[in-house]
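Below, each chain spelled out in residue letters.
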Amino acid sequence: QVQLVESGGGLVQAGGSLTLSCAASGRTFSRYGVGWFRQAPGKEREFVASWSGGTAYYADSVKGRFTISRDNANNMVYLQMSSLKPEDTAVYYCAADSVGVASMSIYDYDYWGQGTRVTVSS
């Protein structure tokens with residue numbers, strides 16, 4: 001069983017930066033694939049970034065602006081966001097995949113955090 005708790009969301013001006021954190025429980029968390037997803041008002045939850053086997057994957061919309069990383073020693077996952085745009089406004093969710101694939105599909109993830117809200121003002 002894995003529990004995920006996100007933090008670090010907030011209000012930021014366009015062009016600014018934020019770093020989201022995801023604290024995970026579970027002794028075998030390092031074996032899990034991890035991902036970040038987001039859901040804007042009235043829209044479906046969408047893939048942002050994931051990390052599996054030392055490789056990071058990004059949605060085209062955030063490539064070059066966002067960086068995913070993980071600290072297995074401390075069971076932490078991070079999403080560094082820079083050059084933020086108003087269209088990045090959403091609730092951001094951390095997710096874990098017990099198979100370790102860390103795909104772009106929400107259906108492949110077993111565990112989800114409660115989300116942290118990011119608002120980018122223009």
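A short tour of the structure in this document, coming up.

Parameters and conventions
- Residues numbered from 1 in each chain as written.
- Predicted model: local features only at pLDDT ≥ 70, side-chain atom pairs only at ≥ 80, totals over all residues.
- Heavy atoms only, no water.
- Helix = DSSP H or I, 4+ residues; strand = E, 2+ residues; numbered from the N terminus.
- Polar contact = N/O pair within 3.5 Å; in protein donor to acceptor, adjacent residues only side chain to side chain.
- Contact = heavy atoms within 4.5 Å.
- Buried < 20%, exposed > 50% of the residue type's maximum accessible area, 1.4 Å probe, protein only.
- Disulfide = S-S within 2.5 Å.
- Pairing = 2+ DSSP bridges.

Let's shift gears to the side chain of arginine 38. Within the secondary structure layout, arginine 38 lies in strand S4 (residues 33–39). Reaching out from arginine 38, the side chain makes a polar contact with the side chain of tyrosine 92 at a distance of 3.0 Å. If near-sequence neighbours (up to four positions away) are discounted, arginine 38 is found in contact with Glu44, Arg45, Glu46, Val48, Ser61, Val62, Phe66, Glu87, Asp88, Ala90, Val91 and Tyr92.

So, about unusual backbone geometry. Residue asparagine 75 is not a glycine yet carries a positive backbone phi of 55°. Counting through the fold element by element, asparagine 75 comes out in the loop between strand S7 (66–71) and strand S8 (76–81). What makes asparagine 75 buried here is its relative accessible area of 16%. Here the phi dihedral of serine 83 falls at roughly 50°; this positive angle occurs in a residue that is not glycine. Among the structural elements, serine 83 can be located in the loop between S8 and strand S9 (90–97).

For the structure on display, the rule yields one disulfide. Here cysteine 22 is linked by a disulfide to cysteine 94, with a sulfur-sulfur distance of 2.2 Å. On the sign convention where negative means left-handed, the S-S torsion of about -80° between cysteine 22 and cysteine 94 marks this disulfide as left-handed. In this pair, cysteine 22 sits in strand S3 (residues 18–24) while cysteine 94 sits in strand S9, placing the two residues 72 residues apart along the sequence.

This part covers the environment of tyrosine 57. Within the secondary structure, tyrosine 57 sits in strand S6 (residues 55–58). With a relative accessible area of 38%, tyrosine 57 lands in the partly exposed category. Separated by 63 residues in sequence, tyrosine 57 and valine 120 have C-alpha atoms that sit 23 Å apart. Discounting chain neighbours no more than four positions away, the residues touching tyrosine 57 are Phe47, Val48, Ala49 and Ser50.

The next subject is the pairing of S8. In this structure, S3 lies alongside S8, joined through six bridges in antiparallel fashion. Each bridged residue has a counterpart across the sheet, and for threonine 19 the counterpart in S8 is glutamine 80. Across six bridges, S7 lies against S8 in antiparallel orientation. Bridged to isoleucine 68 within S8 is leucine 79. Counting the residues that bridge the hairpin from S7 to S8 gives four residues, and of these asparagine 75 lies at a positive phi of roughly 55°.

Just geometry here; none of it tells us what the structure is for.
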